[in-house]
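Here is what each chain is made of, one letter per residue.
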Amino acid sequence: MSEFGRIGHSHLPRTQRVGGLTLDLFHRDASAGGRWLRLHPREFEVLWSLADARGKALTKKMLLTNVWRIAHIPQSNRVEVTISRIRSKLHSAQLAWMIVTEPEGGYRLVCAGDAPKAKIEADQDEALDSFLRIGNDGQARN
């Protein structure tokens, strides 16, 4: 059989389900409660990578390597900003608690079984996200 005949038989799953969240590889978006989150391509890649890790933390370096294809760690907050944007979109579906910031500097995606602890951690992370968006001077950044 030629290579063209095997294209449709990929081993990648089309969807991943994590708690109340469904990630759709074909649409490159996630849905919760029947509503699309309208993720940007990099946001989707980060969320898919976190789902693939099955609850294990991914470091900033791992995300930069796998999603941005950068071999070094630049002096940039692109990972933090992307995580903040994903949390904001998950917040609209009341699922912002699903992304937890690890003390060692990584991020992990949690399921409903970890909800109470993750909810407390997410509240702390959301305060940090708000600080990153607004800044310590109280002025919104563009």
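Use the structure listed above.
Before going into details, it helps to say that this report is about the structure given with it. (Residues numbered from 1 in each chain as written. Predicted model: local features only at pLDDT ≥ 70, side-chain atom pairs only at ≥ 80, totals over all residues. Heavy atoms only, no water.)

Notes on the sheet that holds strand E2 (residues 21–24)
As a reminder of what qualifies: Two strands are counted as paired when DSSP detects at least two bridges linking them. By definition, any uninterrupted DSSP run of H or I lasting at least four residues is a helix, any uninterrupted run of E lasting at least two residues is a strand, and each is numbered from the N terminus.
Ordered in space as E1-E2-E3-E4, the 4 strands form an open sheet in which the pairing is antiparallel. Of all strands in the sheet, those with a lone pairing partner are strand E1 (15–18) and strand E4 (35–36), marking the two edges. Bridge analysis of strand E3 (residues 29–32) against E4 gives 2 bridges, and the strand direction is antiparallel. Considered in E4, the bridge of Ser-31 is made with Trp-36.

What to know about the side chain of Glu-102
Put simply, the test is: Any residue under 20% of the maximum accessible area for its type is buried, any over 50% is exposed, and the rest in between are partly exposed; the area is computed with a 1.4 Å probe on protein chains only. For this analysis, residues touch if any pair of their heavy atoms sits within 4.5 Å.
As for its placement among the helices and strands, Glu-102 is situated in the loop between strand E5 (99–101) and strand E6 (107–109). Here Glu-102 falls in the buried class, since its relative accessible area comes to 16%. Setting aside chain neighbours within four positions, we find Glu-102 in contact with Ala-57 and Arg-108.

What about the packing of helix H2 (residues 41–52) against helix H4 (residues 78–91)?
Convention followed: Angles here are taken between N-to-C directions and fall from 0 to 180 degrees, while the axes themselves are lines fitted to C-alpha atoms, restricted in helices to the stretch in contact. Working rule for angles: under 35 degrees goes down as roughly parallel, over 145 as roughly antiparallel, 65 to 115 as roughly perpendicular, anything else as oblique.
Close contact between H2 and H4 brings their axes to 10 Å; oriented N to C, the two are set at 85°. It follows from the interaxial angle that H2 and H4 lie roughly perpendicular. The residues of H4 that touch H2, namely those facing Arg-42, Glu-43, Val-46, Leu-47 and Leu-50, are Thr-82, Ile-83, Arg-85, Ile-86 and Lys-89.

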